[in-house]
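# Structural overview
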Amino acid sequence: MKNLTVSKAVTALMLAGLVLLPLYSQASGNVFILTLFTRIVILALAAASLNLIMGFGGMMSFGHAAYLGIGGYAVGMLAQEGVGSGFIQFPVALAASALYALVIGALSLRTRGVYFIMITLAFAQMAYYVASGLARYGGDDGLTVYKRSDFSGLINLGNRTQFYYLCLACLFGVLFLIWRIVNSRFGLVVQGLRSNEQRMQAIGFPAKRYQLVCFVISGTMCGLAGALLANNTDFVSPAVMYWTRSGDLMVMVILGGMGTLFGPVVGAVVFLLLEEFLSQITEYWALIMGPLLLLIVLFGRGGIMGLLGRFNRG
Amino acid sequence: MAEPLLRVEKLVRRFGGIIATDNVSLDVAAGELHAIIGPNGAGKTTLISQLTGHLEPHSGSVSLGGRDITYLPAHRRCALGLARSFQITSLLLDFTAADNVALAAQAHAGTSFRFFADARKEKGLRDAAHAALDRVGLLHRADVVVSRLSHGERRELELAVALASKPKLLLLDEPMAGLGVTESQRMVKLLQELRKEVSIVLVEHDMPAVFALADRITVLVYGRVIASGDPAAIRANEDVKRAYLGDQHVVTHHG
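As a starting point, this report considers the structure included with it.

Procedures and definitions
Residues numbered from 1 in each chain as written. Chains lettered and ligands numbered in written order. Predicted model: local features only at pLDDT ≥ 70, side-chain atom pairs only at ≥ 80, totals over all residues. Helix = DSSP H or I, 4+ residues; strand = E, 2+ residues; numbered from the N terminus. Rg over C-alpha atoms; globule rule 2.2 N^0.38 Å. Buried ≥ 20, exposed ≤ 12 C-beta atoms within 10 Å, placed from the backbone. Contact = placed C-beta atoms within 7 Å. Pairing = 2+ DSSP bridges. Core = buried A, V, L, I, M, F, W, Y, C linked by C-beta atoms within 7 Å. Axes fitted to C-alpha atoms, helices over the stretch in contact; angles between N-to-C directions.

### A word on the overall build of chain A
A count of helical and extended segments in chain A gives 13 helices and 2 strands. Relative to its length of 314 residues, chain A is compact, with a C-alpha radius of gyration of 19 Å against a globular reference of 20 Å. Taken over the C-alpha atoms alone, chain A extends approximately 55 × 45 × 40 Å along its principal axes. For chain A, buried positions account for 49% of its 314 residues. Look at the contacts in chain A between residues 6 or more apart in sequence, and 76% of them connect residues 24 or more apart.

Shown next, in the form of structure tokens:
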């Protein structure tokens, strides 16, 4: 039992909980919890995609919420124009996110450090204002998605349980891909660049190419989260792209543990549950949330996963 | 006469009003260990940086195996067979020793745009890494994270990383810097072995080491070459003696 660490046990428990949640929801008749966790799973996917560039790649993107909007608007706009098939909506959402990531990445990766943070933030805010200006698609008020993506009877997104499992499958699929990627040749190069770019150049790796591809993979994954989110809320608005949303995603990643596979999932679960329950207690919930986050970041380097890891040594 | 492996011609690099590299020309023949020495601030590291592509010269040219590489980026030079070690150790601190070396091998073994297979299970890369680590006597530390290695071990690891790219020419920027006496002796022994396999340009302050190792020595003072020749000739050279006795005025006046 040498390999059974506290963090692994917690992760396994959490994953099992996510899988079994619909059973609990049905047995207890608590529908709300399923809706809440559908949102958590989707945002965990978004946080996991951000972690790929931020935690593993060392690229501090402060504009990741843009992909939530792009994926969401792809679904919403196509639905508005009468294209209801998910087989078209989802690929378009992914392709649009990839394209945006390619252009933004190519421009942003010329810079480093604080400038990279600022430029990704600036581009995401641009996307926000562009969406606000789309008068045909609701502008500021957003766009109601009257019909969820239609997968021709393969899976019914209108069914809460089926939709939840679709989101969970997407999350697990993305985590699996990230796990393979970070241990692949490509992933080692990207992590090497995070660690010491000058050294990687000296042994023969052109940095930008690898970082750009990583940036695009991450953006595409987050676009998937966006398409799911629009289906979950039956609505998409510029607000999903606002910079505070990008900040939330960053907090989830840091809270859970940057550069760990399951950290962002733990971070998303803890962050959104705290937000949910604290906001029920008081409208000034951010006053409690803020110091809590501060404590975890100050005393738990490596986030919650880092804290859990310490139990084994201690 | 055969084409030299590395040819540097009339290289000039200025920093503001200071000429850090002043018309430097030198040849390194294949199989040679060519040492570059000079007092502090002579422009040795500036010169090396231009050879590796981390710094662009203002004029002059660098060619490797007859090919002009003056303005080629660092990673392309590496693909042509140029490897370097850094004066201040520059490694991937949060990677293991083996990972550091395997990445260097990976850079020269096909594309790294592979996204799915576990790179740490690629036998070819692991074997290459272990061979290079064994070469520098670090095999027993293969799975240790670099931030836990001692300074001496990191210097040896720098060498292993450079070797793993199977270079034609190795540029070593003060490999003995900060090493203790026994560690230095081990490094000299190691370089004695390596020079049989690869051409080396060695920048070093440790004079006994330089004179023990070098086939030829080029002496830089204030960015200029004041002498170049075999160790015996350099030892007898009056200008060099003066430079190292600190009588810089005479040397600059003379040179």
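### Examining the overall build of chain B
Helices and strands together make up the secondary structure of chain B, namely 10 helices and 10 strands. Taking 255 residues into account, the globule formula puts the C-alpha radius of gyration at 18 Å, and chain B, at 19 Å, falls close to it. Dimensions of chain B, computed from the C-alpha atoms along their principal axes, are close to 60 × 40 × 40 Å. Looking at chain B residue by residue over its 255 residues, the buried ones come to 43%. Expressed as a percentage of contacts within chain B between residues at least 6 apart in sequence, the contacts between residues at least 24 apart total 64%.

### A closer look at the sheet that holds strand β2 (residues 18-28) of chain B
Residue and element names in this part refer to chain B. In space, the 4 strands of this open sheet follow the order β2-β1-β4-β5, with antiparallel pairing throughout. Two strands in the sheet have a free side with no partner beyond their single neighbour: β2 and β5 (67-68). Pairing between strand β4 (residues 59-64) and β5: 2 bridges, direction antiparallel. If you follow Leu64 over to β5, its bridge partner there is Arg67.

### Side note on the environment of Phe311 of chain A
Residue and element names in this part refer to chain A. Among the structural elements, Phe311 can be located in helix α13 (residues 303-313). Taking the number of C-beta atoms within 10 Å as the measure of exposure, Phe311 has 12 and is therefore exposed. As for Phe311 and Ala106, which are separated by 205 residues in sequence, their C-alpha atoms are 42 Å apart.

### Focus on helix α3 (residues 97-106) of chain B
The buried fraction of α3 of chain B amounts to 10 of the 10 residues, a majority that puts the element mostly inside the structure. Every buried residue belonging to α3 of chain B is among Ala97, Ala98, Asp99, Asn100, Val101, Ala102, Leu103, Ala104, Ala105 and Gln106 of chain B, and all of these are buried. The inward-facing, buried residues of α3 of chain B contact α7 (185-195) of chain A together with α4 (123-135) and α5 (151-164) of chain B.

### Digging into the nonpolar core
Counting 173 residues, the largest nonpolar core has Ala44 of chain A together with Val101, Ala160 and Val219 of chain B as the members making the most contacts within it. A total of 15 residues in this core trace back to one element, the largest contributor, which is helix α2 (residues 31-56) of chain A. In contact with Ala160 of chain B, not counting residues within four places along its chain, are Val101, Ala132, Leu133, Arg135, Val136 and Leu138 of chain B.

### What about the sheet that holds strand β3 (residues 33-37) of chain B?
Residues and elements named next belong to chain B. If you walk across this open sheet you meet the 6 strands as β6-β7-β8-β3-β9-β10, and the pairing is mixed. Looking at which strands have only one partner, the edges of the open sheet turn out to be β6 (82-85) and β10 (224-229). Strand-to-strand twist of the sheet, defined as the mean angle between neighbouring strand axes without regard to direction, takes the value 15 degrees. Lying on the sheet, helix α1 (residues 44-52) is in contact with β3, β6, β7 (169-173), β8 (199-203) and β9 (216-221); it crosses β7 at an angle near 150 degrees. Packing against the sheet, α5 makes contact with β6 and β7, and its axis sits at approximately 170 degrees to β6.

### Structural notes on the environment of Pro175 of chain B
Residue and element names in this part refer to chain B. With respect to the helices, strands and loops of the structure, Pro175 is situated in the loop between β7 and α6 (181-194). Considering only alpha carbons, one finds Pro175 and Gly16, 159 residues apart in sequence, at a separation of 29 Å. Non-local contacts of Pro175, meaning those with residues more than four positions away in its chain, are made with Ser85, Arg155, Leu159 and Met187.

### Things to note about unusual backbone geometry
Excluding glycine, residues mostly carry a negative phi; peptide bonds, for their part, are mostly trans. Residues and elements named next belong to chain B. For Lys10, which is not glycine, the phi torsion reads 50 degrees and is therefore positive. Of note, Glu174 is a non-glycine position whose phi angle comes to about 50 degrees, a positive value. Residue placement: Glu174 occurs in the loop between β7 and α6.

### Observations regarding the pairing of β6 of chain B
Residue and element names in this part refer to chain B. Here β6 shows no split at all, with Leu82 and Arg84 on one side and Ala83 and Ser85 on the other all buried. As paired elements, β6 and β7 share 4 bridges and run parallel to each other. Bridged to Ser85 within β7 is Leu172.

### Structural notes on the environment of Ala233 of chain B
If you trace the backbone, Ala233 of chain B turns up in helix α8 (residues 231-236). Take Ala233 of chain B: there are 13 C-beta atoms within 10 Å of it, and that puts it in the partly exposed class.

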